[in-house]
Amino acid sequence: MTSGPVVTAEPVMTTAAANTAAAGSAGAAGADTIVDAGTRGVGADVGRPDGVPKVQGRFAFSSDLWADDFLWGHTLRSPHASANIRGIDIGPALATAGVHAVLLADDVPGCITYGLEHGDQPALANGQVRYVGEPVALVAADHPDVARRAAEAIVVDYEVTDPLIDAEAAPDAAPIHPDGNVIRELIIRHGDLDSSGEVTVEGIYEVGMQDQAFMGPESGLALPDEDGGVELFVSTQWLHVDREQVAACLGIDEEKVRITLAGVGGAFGAREDLSLQVHLCMLALHTGKPVKMVYSRDESFYGHVHRHPAKMWYRHHADRDGRLVKVEARIVLDGGAYASSSGAVIANASCFAAGPYKVPAAHIVGLAVRTNNPPCGAMRGFGAVQTCFAHESQMDKLAAALGMDPVELRLINALDSGDRLITGQVITGTFPVAEVIRQCAGAPVPDIPPSDDRRDLPGGSGRTTNAADTVRGTGFAVGFKNLMFSEGYDDYSSAACRVADGVATVTCACAEVGQGFVTLAQQIARTELGVDEVILAPAQTATIGSAGSSSASRQTWMSGGAVQAACRAVRVQILADVAADWGVSPDGLVLRDGLVVSLDGQQEALLAQITAGTGYEADVEYHHAPTEALDENGQGNAHVSFACAAHRVVADVDPDLGLVRIRDITTAQDVGRILNPTQAVGQIEGGTAQGVGLALMEEIVLDNGIVRNASFTDYVIPTTLDMPDVTIAAWVEEPEPNAPYGAKGIGEPPTISSSAAVAAAVRAATGLPLPRIPIRPADIALARNEVQQ
Amino acid sequence: MSDVVVARSLDEAREALAHQPDATVLAGGTDLMVEINRGLRRPRHVVGVAQVPELRRWHIADNRVVVGAGVTYTEMMTTALADAAPALAQAARTVGSPPIRNAGTLGGNLGTASPAGDTLPVLAALNAEIVVTGPDGERRMGLDDFVVGVKQTSLRPGELIVAAELDRPTGRQEFLKIGPRNAMVISMAGLALVADHDARTVRCALGAVAAGIPRAREAEAWVAEQIDWASGAGVDDGVADEFGQRVAAASSPIDDHRSTAAYRRHAVAVLATRALKRAFSSGEAGDA
Ligand SMILES: Cc1cc2nc3c(=O)[nH]c(=O)nc-3n(C[C@H](O)[C@H](O)[C@H](O)COP(=O)(O)OP(=O)(O)OC[C@H]3O[C@@H](n4cnc5c(N)ncnc54)[C@H](O)[C@@H]3O)c2cc1C
């Protein structure tokens, strides 16, 4: 950040010096087996450079941005799920003292629509609104309250129409958008569809609309540039795709939109789509002044996409021994008003619909539809979460029908490397599903005596429940998904490395959204270059090419791979020069401890001296192996790699009140290789907590398209009394052949199987079918009543 | 823009309110600031009472517990007040998180008068008298006369809540509350139950299941007849269950985004049954 905004809090610390304190404990699992990295390279338990500032409140989030003489932007949103706009009177708003601009759809300079997959979403409502919260007008003013009140003074003449809110009715309903109501239908036909099993089980399952519930609401600052361009500081997951869409809406060249990542307060998929990016830039270009926007908490619930609610019908066929014969499913995801990434989400939901099992035949119909509900898109687990709940519920049902142990049933069907998915793709990488199941299920079940401490009981601090009022259940689930983007998409990453005066500088536009790339990039550079001090340059569009999205569990692999390749390219240059100088072969030289050393021990030189002055640099693009589109039967090598996880949950349930206290969560995960143990634990704990939330409490409650709980008062996420410590029985380390250091992405798998395992535990405790998550107290307490009566 | 008077004594607070009767009282701000930040309220005049010593105290007088309006939840839980009014401490423990409990006050819970205000069922079950002061001098009233509707009180312009005076019965006190998770929740259903062995009565009041804070008077009268007060024996399951049903009849819950009427009615019955059993069990007194 050389020019422009003055950030009052401390910017991200990126030099190695920042984390010496946290780096005391040397690398545990894996460090010795990878590269001689010292204690701060790949595999080591290096602390986050931004960790201490974050805990101390010194880290600058995007809401902390500040510039001289800036204006505050505010968005007027639709109160209606479906309406035509007959007219908008901005007169009173414009006349408000302190207001600098009021902008409408007609003021969008370039293309009016944007979108991740299809440009179907207007930057500002264009004659019509299709969901509650859709942006209609923008205001810039010299004070946030003035902007808010001016927005309230805008008079919009709405002709309200009946909203389409039933996803299942959407395909046959009158289109609510020129692109129609079916965003994507994906049909998978695999194997002998006439086959059938001796035992079949059937079920209908439902998943509610989950929110990513990040802590840092959407915020950013745009500054007009003299060349007619704009500089944008924003929290996002993918700088370059933002730039592409923003530039199109602004009608200017991409080079004129310069985006820098501002401090991100969580993402989980919610920052993949644009929120305020275009709006900020429009206001800045229109007023010629810097403009800042920060969504309020309730506005944030309207400002980003959510996890798709799902309705799923399933029929599993198996033989008497429990071997799966065929899986049939129909999956309907409610995509809300605009496409966002619904097409890719339904692909994941469908491709992984049968779970990590060998399934000779499958018929899956996946449907993502458009309604007047809030738009849904990316969220951690991306479609696999919904179908995991369904397929794991089915596996338990099947085990019960067969009189078989549910873990055993999963084991005999577990996929392995060399097996075929229902898309026909043969798994070529590692995929130790059976080992993950064995490790998780085989871990000793902790002996947790019933406790009289309220905090350990269902209902917690509410004092509702005595130990005698509870029953205990144990549930097990396993799930999987793809790593990286699929279906032919080339989601490459770019990185540059420069070594000068013995210090490495890494440049990559990978968005640090909390996953720990800032730590990992430094670890990789240390391992590859034998340096200690590594500077990570700001993530910007102007300095480097795209890193792709911080999603799909892909950045450790993709941007990690790009950083590794860039560092290696620099290493090759350095060693070539030194080898020429010393008259030896570069193969006999290594970089370590800030030195160039010959393996025969004869010669060494300081890297700082060799790289003095201009130094060495390299710039690379890293691509994963190409994938293919799915054909008309949903068959094809569409995915790069896969990862799985299993969870076992012990829950105490108060059936009379329908309250749940989880007592133990044990997990095992297919991780490829652990590159930083603490960060891995963080991903697993956080991902599991998000799954627990979906299983028991997290749901956006809709009433005719209106969000009824757009606040953290009523959209509740787990507290420490809802979320026990996670026991990691094992991370199963089978290095992935094509992945840098053999590491698989680990962010999403914990969220996939945890919800299903919690639901299974509550079922085991209560004996109720519970076909829907989140499981609400009434779903248990009243269902039991009905059963009893 | 609003002007703010920070009162340092009860007299200063009274004076400021007499001078500006339409002023809004600010205590811990845990309700008021949320409303202001959401643009729901824009007070022009504010009188801050968090530093009024007279409101921050509690004491026992004539065997009644007098709790100043400015007493915080943390104080209700951690001082000797927790022994004098155990159900109040139990309710306080269920409120929000530690920062909210450090700031939020009894007077603020009364002032907001939400059906989900967690101290309110306790006040109702302990026959609270609410003491207010203002231009018309001091007034005292029961909770029923103070909370007159959803988030509506009978406070008159310029009036200040000073204290709540509570019974100090000899029996056990119980507060139970259900929310959508195990801590930090707005009540979906709450219940306070108090056993008074001297008066040989049981008193039970409900939160979040009606527009006000209903007392289950019919159920109270019925169960008082069923209990063997002389022997101190526990209640049997049949009585406890029927009590639950009778208490539920005093509720008039609604469906909303937090829960359904059917669940709330069911839950109140379960809570009442359990509270009664606890209050008449031979075991240790309930924890806070
Ligand atoms: C995160 C969070 C969690 C919460 N959880 C709970 C919960 O679990 N249970 C619960 O019951 N509440 C909860 N609340 C609401 C709130 O904390 C309580 O209602 C609290 O008691 C309000 O007290 P206060 O001192 O902060 O009141 P303030 O916000 O200062 O005032 C609230 C109202 O009372 C009036 N008022 C305050 N004092 C007086 C007085 N002496 N005389 C006259 N009027 C007065 C004010 O004018 C205002 O109208 C929560 C709030 C938050 C923000």
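Residues numbered from 1 in each chain as written. Chains lettered and ligands numbered in written order. Predicted model: local features only at pLDDT ≥ 70, side-chain atom pairs only at ≥ 80, totals over all residues. Heavy atoms only, no water.

A tally of helices and strands in chain B yields 12 helices and 13 strands. With respect to the three principal axes, the spread of C-alpha positions in chain B is 60 × 45 × 30 Å. A burial count over chain B gives 55% of its 288 residues as buried. Taking the intrachain contacts of chain B between residues at least 6 apart in sequence as the baseline, contacts between residues at least 24 apart amount to 62%. When the accessible surface of chain B is totalled, it reaches about 11900 Å², and 50% of it is carbon and sulfur. Treating the 30 positive side-chain charges of chain B as one cloud and the 35 negative ones as another, the clouds have centres 6 Å apart. (Helix = DSSP H or I, 4+ residues; strand = E, 2+ residues; numbered from the N terminus. Buried < 20%, exposed > 50% of the residue type's maximum accessible area, 1.4 Å probe, protein only. Contact = heavy atoms within 4.5 Å. Areas by Shrake-Rupley, 256 points an atom, 1.4 Å probe, with all protein chains shown as cover. Lys, Arg positive; Asp, Glu negative; His and termini not counted. Charge placed at Lys NZ, Arg CZ, Asp CG, Glu CD.)

Residues and elements named next belong to chain A. Ranked by internal contacts, the top residues of the largest apolar core, which has 100 residues, are Tyr-314, Ile-331, Ile-364, Leu-696 and Val-762. Excluding residues within four positions of it along the chain, Ile-331 makes contact with Lys-311, Met-312, Tyr-314, Ile-346, Ala-349, Ser-350, Ala-353, Ile-364, Val-365, Gly-366, Leu-367 and Thr-387. Among the nonpolar cores identified, the runner-up in size contains 89 residues, and Ala-247, Leu-276, Ala-525 and Leu-575 belong to it. (Core = buried A, V, L, I, M, F, W, Y, C linked by side-chain atoms within 4.5 Å.)

Let us look at the site of the ligand. All names here are of chain B. In the region of the ligand, 33 residues are neighbours, and Val-25, Thr-30, Asp-31, Tyr-73 and Thr-105 sit closest. Here Val-25 contributes a backbone N or O atom positioned 2.5 Å from an oxygen atom of the ligand. Separating a nitrogen atom of the ligand from a backbone N or O atom of Ile-161 is a distance of 2.8 Å. Coverage of the ligand by the protein chains reaches 89% of its 970 Å² of free accessible surface. Secondary structure elements with two or more residues in the shell around the ligand: strand S2 (24-26), helix H2 (32-37), helix H6 (98-103), helix H7 (106-112) and strand S10 (160-166). The element best represented in the shell around the ligand is H7, accounting for five residues. In terms of residue class, the shell around the ligand is made up of 15 nonpolar, 14 polar and four charged. (Near = heavy atom within 4 Å. Polar contact = N/O pair within 3.5 Å; in protein donor to acceptor, adjacent residues only side chain to side chain. Nonpolar A, V, L, I, M, F, W, Y, C, P; charged D, E, K, R; others polar.)

In this section: the packing of aromatic side chains. Counted according to the given criterion, the structure contains 15 aromatic pairs over all chains. Look at Phe-301 of chain A and Phe-712 of chain A: their rings are 5.8 Å apart centre to centre, the planes differ by 85 degrees, and that puts the pair in the edge-to-face class. With Phe-301 of chain A in helix H6 (residues 297-303) and Phe-712 of chain A in the loop between strand S29 (706-707) and strand S30 (726-732), this residue pair connects regions lying 411 residues apart in the sequence. Note on Trp-229 of chain B and Phe-280 of chain B: the rings are 5.6 Å apart at their centroids and 75 degrees apart in plane angle, and the pair reads as edge-to-face. Placement of Trp-229 of chain B in the loop between helix H10 (217-226) and helix H11 (237-248) and of Phe-280 of chain B in the segment after helix H12 (261-279) is noted, with a sequence separation of 51 residues between them. By relative accessible area, Trp-229 of chain B is classed as buried at 12%. By relative accessible area, which is 5% here, Phe-280 of chain B ends up buried. In this structure, Lys-54 of chain A is placed above the aromatic ring of Phe-59 of chain A, and the distance from its NZ or CZ to the ring centre is 4.6 Å. In this structure, Arg-554 of chain A packs its charged tip against the face of Phe-485 of chain A, placed 5.7 Å from the ring centre. (Phe/Tyr/Trp six-rings, centres within 6.5 Å; stacked < 30°, edge-to-face > 60°. Lys NZ or Arg CZ within 6 Å of the ring centre and 35° of its normal.)

Counting all residues, the mean pLDDT for chain A is 94, and 95% of those residues have values of 70 or more. Every residue in residues 1-37 of chain A is under pLDDT 50, and counting partners more than four places away or in other chains gives 82 contacts. (pLDDT = per-residue confidence, 0-100.)

This paragraph deals with the domain arrangement of chain A. Residue and element names in this part refer to chain A. Annotation of chain A at the domain level lists domain 1 (15-59 + 491-622), domain 2 (65-162 + 215-266 + 271-303) and domain 3 (310-486 + 630-788). Relative to domain 3, the C-alpha centre of domain 1 lies at a distance of 36 Å. Listed per partner, the contact involves 32 residues of domain 1 and 27 residues of domain 3. Between domain 1 and domain 3 lies a buried interface of about 2200 Å² when both sides are counted; carbon and sulfur atoms form 59% of it. A per-residue breakdown of the area domain 1 buries against domain 3 is headed by Ala-552, Ser-553 and Trp-557, which together make up 33% of the total. Counting across the domain 1 and domain 3 interface gives zero salt bridges. The tally of links from domain 1 across to domain 3 stands at 11 residue pairs in polar contact (both at pLDDT 80 or more). When contributions to the side of domain 1 that touches domain 3 are tallied by element, the ones reaching two or more residues are helix H11 (517-529) and helix H12 (555-582). (Domains from an automatic or database assignment. Buried area = accessible area lost by both parts, 1.4 Å probe. Salt bridge = Lys/Arg side-chain N within 4 Å of Asp/Glu carboxyl O.)

Before going further, it helps to examine the sheet that holds strand S26 (residues 641-654) of chain A. All names here are of chain A. The sheet built from four strands is open, its strands ordered S18-S26-S27-S30 with mixed pairing. Among the strands making up the open sheet, the edge pair consists of strand S18 (471-483) and S30. Taking each pair of neighbouring strands and ignoring which way they run, the sheet shows an average axis angle of 20 degrees. Sheet analysis places S18 next to S26, joined by 13 bridges and oriented antiparallel. Note that in S26 the partner of Asn-482 across the bridge is Phe-642. (Pairing = 2+ DSSP bridges. Axes fitted to C-alpha atoms, helices over the stretch in contact; angles between N-to-C directions.)

Attention now goes to the pattern of salt bridges. Taken as a whole and judged by the stated rule, the model has 62 salt bridges over all chains. The partner of Arg-48 of chain A in a salt bridge is Glu-512 of chain A, with the nearest N and O atoms 2.9 Å apart. Placement of the pair is Arg-48 of chain A in the segment before helix H1 (51-56) and Glu-512 of chain A in the loop between strand S20 (503-508) and H11, with a sequence separation of 464 residues. Between Glu-35 of chain B and Arg-41 of chain B there is a salt bridge whose closest N-O contact spans 3.2 Å. A relative accessible area of 37% places Arg-41 of chain B in the partly exposed class. One connected set of salt bridges, linked through shared partners, spans Arg-64, Glu-129, Glu-138, Arg-140, Glu-165, Asp-167, Asp-196 and Arg-203 of chain B.

Okay, the domain arrangement of chain B next. All names here are of chain B. Segmenting chain B into domains produces domain 1 (3-113 + 129-166) and domain 2 (173-279). Measuring from the centre of the C-alpha atoms in domain 1 to the corresponding centre in domain 2 gives 26 Å. Contacts between the two partners involve 14 residues from domain 1, matched on the other side by nine residues from domain 2. The junction of domain 1 with domain 2 conceals about 900 Å² of combined surface from both sides, 58% of it contributed by carbon and sulfur atoms.

Its place among the elements puts Glu-35 of chain B in helix H2. Setting aside residues up to four positions removed in sequence, Glu-35 of chain B forms contacts with Leu-40, Arg-41 and Lys-151 of chain B.

Before going further, it helps to spend a moment on the packing of helix H4 (residues 239-250) of chain A against helix H5 (residues 277-287) of chain A. For any two helices packed against each other, one specifies the crossing angle of their axes together with the interaxial distance. Residues and elements named next belong to chain A. With their axes 9 Å apart at the nearest point, H4 and H5 run at an angle of 45 degrees to one another. Regarding the angle of H4 to H5, the classification is oblique. Every pair of crossing elements has a handedness; the one defined by H4 and H5 is right-handed. Between H4, through Asp-242, Val-246, Cys-249 and Leu-250, and H5, the contact on the second element is made entirely by Gln-277, Val-278, Cys-281, Met-282 and Leu-285. Taken together, the residues of the contact of H4 with H5 sort by class into seven nonpolar, one polar and one charged. (Parallel < 35°, antiparallel > 145°, perpendicular 65-115°, else oblique. Left-handed = near helix turned anticlockwise from the far one by under 90°.)

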